[in-house]
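# Breakdown of the fold
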Amino acid sequence: MTKEKILVIGASGQIGVELTLALRKIYGEQNVIASDLREQNPLLQGSGPYVSLDVMNKEMLHVQVIRQGVKQIYLLAAILSATGEKNPALAWHLNTQGLLNVLDIAKEEKLSKVYWPSSIAVFGPTSPKRSCPQKTIIEPTTVYGISKYAGEFWCNYYFNKYGVDIRSLRYPGLISYKSAPGGGTTDYAIEIFQAALEHSHYTSFLEKNTYLPMMYIPDAIRATIELMEAPKDKIRERTSYNLAAISFSPEEIAAEIRKHIPGFNISYKTDYRQAIADSWPQSIDDSAARNDWGWQHEYDLSAITKDMLGNLHAKFEMQTEAQASYQI
Ligand code: NAD
Ligand code: SER
């Protein structure tokens, strides 16, 4: 198993914190360098090295890669779908230039592997709504989706032209409790759990029957590491792999929460994020990932709900009425 130095860029974010901790467990604390523009997430403190780093500053990034002897980069710094629509120019700039900086350095320093996530947001209103295939019509309508689609083809280009071993997954909406989400359209499926425990009520910004592809973070972290550990000849898709677990709507997740918090209720007040959600597929066909490198998800909606409520309950140790009636 590799003991190469790994740099995680965007380590203080929703995925970064959990991915960094998982990588440190496998490859050793000192071999995984966490970095971010913002300060170190408290959950990472004391668990391994941290450097403050802006992925847009290519020179400084290059210096760090050489100085620390980095051989693999996991690039997580990005602006997500909902925040991206508020500042399209910034989202485009960070999401594409940040990736190009990493790809150039990977090429120049002959890094052994790079990981960069794409998203279900590459798909647009003309893509199939159900079981959206790996290869299909792709016409994204958000700046986030456009940046991810362009990024996928930059990855493909650097692999074919320069041999950079870059690997990528189109994550669905990720659900987690350790680190706050960064401004996505699927964030409702995280907010709802905390609101249920605190107030027994949640106002959803998506309509009750809006289905989206979703995944629990332990599955996403495992998928990422399994993809990166897979033998090179198993990786047949050099843009990005469709990745799926489950699909549900706000109404369905609310019903699942009600099994643990009987008094929980949900209301609906949609905003600009509804149009983003409506442009994405409701479910994804990830058979390429399952066939090529053996992907299998573990968590269904019932297991996610139980785990999220249990962990958030323990985390906040709240004493509200909703908590009193909460049952695992
Ligand atoms: P996040 O917003 O929670 O974290 C991103 C991190 O990047 C933040 O800590 C931020 O401070 C950092 N960052 C921003 N600009 C930076 C810069 N210039 N230099 C260095 N760091 C910078 O996002 P996330 O949810 O952890 O997403 C990580 C990646 O996964 C992104 O590429 C995102 O598009 C992708 N993704 C996430 C989801 C999801 O549901 N969370 C789904 C699909 C794809
Ligand atoms: N969860 C992400 C978002 O909603 C999907 O990439 O932006």
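Structure first, text after, so check above.
Another aspect to go through is the overall build of the protein. Along the protein, the regular secondary structure elements total 12 helices and 14 strands. Principal-axis analysis of the C-alpha atoms gives the protein an extent of 60 × 45 × 40 Å. Put simply, of all contacts in the protein between residues at least 6 apart along the chain, 79% involve residues at least 24 apart. Taken together, the 33 basic and 36 acidic charged side chains of the protein have centroids lying 5 Å from each other.

The next subject is the packing of aromatic side chains. Taken as a whole, this structure holds 12 aromatic pairs when the rule is applied. A cation over an aromatic ring shows up here: K107 above the ring of Y162, its NZ or CZ 4.3 Å from the ring centre. When the ring centre of F205 is taken as origin, the NZ or CZ atom of R273, which lies over that ring, is 3.5 Å away.

The N-to-C vectors of helix 6 (residues 188-199) and helix 8 (residues 250-258) enclose an angle of 30 degrees; their axes lie 11 Å apart at closest approach. Taken together, helix 6 and helix 8 sit at an angle that is classed as roughly parallel. Between helix 6 and helix 8 lies a crossing whose hand is right-handed. Along the contact surface, helix 6 presents Y188, A189, I192, F193 and A196, while helix 8 presents P250, I253, A254 and I257.

Moving on, we get to the environment of G84. With respect to the element layout, G84 can be found in helix 3 (residues 81-86). Residues G84 and G184, 100 residues apart in the sequence, show an inter-C-alpha distance of 8.8 Å. Once residues lying within four places of it in the same chain are set aside, the contact partners of G84 are I79, A91 and V143.

The immediate surroundings of ligand 2 are formed by L80, S81, S119, Y144, G173, G184, T185, T186 and W280. In the environment of ligand 2, an oxygen atom lies 2.5 Å from a nitrogen or oxygen atom belonging to the side chain of S119. Taking 240 Å² as the accessible area of ligand 2 by itself, protein coverage stands at 94%. Its residues placed into classes, the shell around ligand 2 shows 3 nonpolar, 6 polar and no charged.

The subject of this paragraph is helix 1 (residues 14-27). Between its first and last C-alpha, helix 1 extends 21 Å over 14 residues, near the 20 Å set by a 1.5 Å rise per residue. When you tally the buried positions in helix 1, you get 11 out of 14 residues, the bulk of the element. Along helix 1, the residues that are buried comprise Q14, I15, G16, V17, E18, L19, T20, A22, L23, R24 and Y27. At the exit of helix 1 stands G28, carrying a positive phi of roughly 100 degrees.

Glancing now at the site of ligand 1. Taken together, 26 residues lie near ligand 1, and Q14, D36, D54, Y144 and K148 sit nearest. Contact distances for ligand 1 include 3.0 Å between an oxygen atom and a side-chain N or O atom of R38. L174 is positioned with one of its backbone polar atoms (N or O) 2.9 Å from an oxygen atom of ligand 1. Contact with the protein chains removes 93% of the 820 Å² of surface that ligand 1 exposes when unbound. Taken together, the elements giving at least two residues each to the shell around ligand 1 come down to helix 1, strand 6 (118-119), helix 5 (143-162) and strand 9 (173-175). Looking at the shell around ligand 1 residue by residue, the class counts come to 14 nonpolar, 8 polar and 4 charged.

Pairs may arise between side chains of opposite charge once their charged atoms sit close together. Per the counting criterion, the structure on display carries 12 salt bridges. Close ionic contact of R167 with D165 constitutes a salt bridge, the shortest N to O distance being 3.0 Å. Each member of the pair, R167 together with D165, is buried. Between D165 and R238 there is a salt bridge; the shortest N-O distance is 2.7 Å. Of the two residues, D165 is situated in the loop between helix 5 and strand 7 (166-167) and R238 in the loop between helix 7 (217-229) and strand 12 (241-242); the sequence distance between them amounts to 73 residues. The residues D165 and R238 share a single accessibility class, namely buried. Linked through salt bridges whose partners overlap, the residues forming this network are D219, R222, E226 and E298.

Right, let's talk about unusual backbone geometry for a bit. As a rule of thumb, non-glycine residues mostly have phi less than zero, and peptide bonds are mostly trans rather than cis. Residue S131 is not a glycine yet carries a positive backbone phi of 45 degrees. As for its placement among the helices and strands, S131 is situated in the loop between strand 6 and helix 5. In this structure, S200 takes a positive phi of about 60 degrees despite not being glycine. The residue S200 is located in the loop between helix 6 and strand 10 (201-204) in this model.

By the element assignment, S127 lies in the loop between strand 6 and helix 5. With 187 residues separating them in the primary sequence, S127 and A314 have C-alpha atoms 41 Å apart. Setting aside its immediate chain neighbours within four residues, S127 contacts C132, I137 and I138.

What counts as what
Residues numbered from 1 in each chain as written. Chains lettered and ligands numbered in written order. Predicted model: local features only at pLDDT ≥ 70, side-chain atom pairs only at ≥ 80, totals over all residues. Heavy atoms only, no water. Helix = DSSP H or I, 4+ residues; strand = E, 2+ residues; numbered from the N terminus. Contact = heavy atoms within 4.5 Å. Lys, Arg positive; Asp, Glu negative; His and termini not counted. Charge placed at Lys NZ, Arg CZ, Asp CG, Glu CD. Phe/Tyr/Trp six-rings, centres within 6.5 Å; stacked < 30°, edge-to-face > 60°. Lys NZ or Arg CZ within 6 Å of the ring centre and 35° of its normal. Axes fitted to C-alpha atoms, helices over the stretch in contact; angles between N-to-C directions. Parallel < 35°, antiparallel > 145°, perpendicular 65-115°, else oblique. Left-handed = near helix turned anticlockwise from the far one by under 90°. Near = heavy atom within 4 Å. Polar contact = N/O pair within 3.5 Å; in protein donor to acceptor, adjacent residues only side chain to side chain. Areas by Shrake-Rupley, 256 points an atom, 1.4 Å probe, with all protein chains shown as cover. Nonpolar A, V, L, I, M, F, W, Y, C, P; charged D, E, K, R; others polar. Expected span 1.5 Å × (residues − 1). Buried < 20%, exposed > 50% of the residue type's maximum accessible area, 1.4 Å probe, protein only. Salt bridge = Lys/Arg side-chain N within 4 Å of Asp/Glu carboxyl O.

Such coordinate-based values are descriptive only and should not be taken to indicate function.
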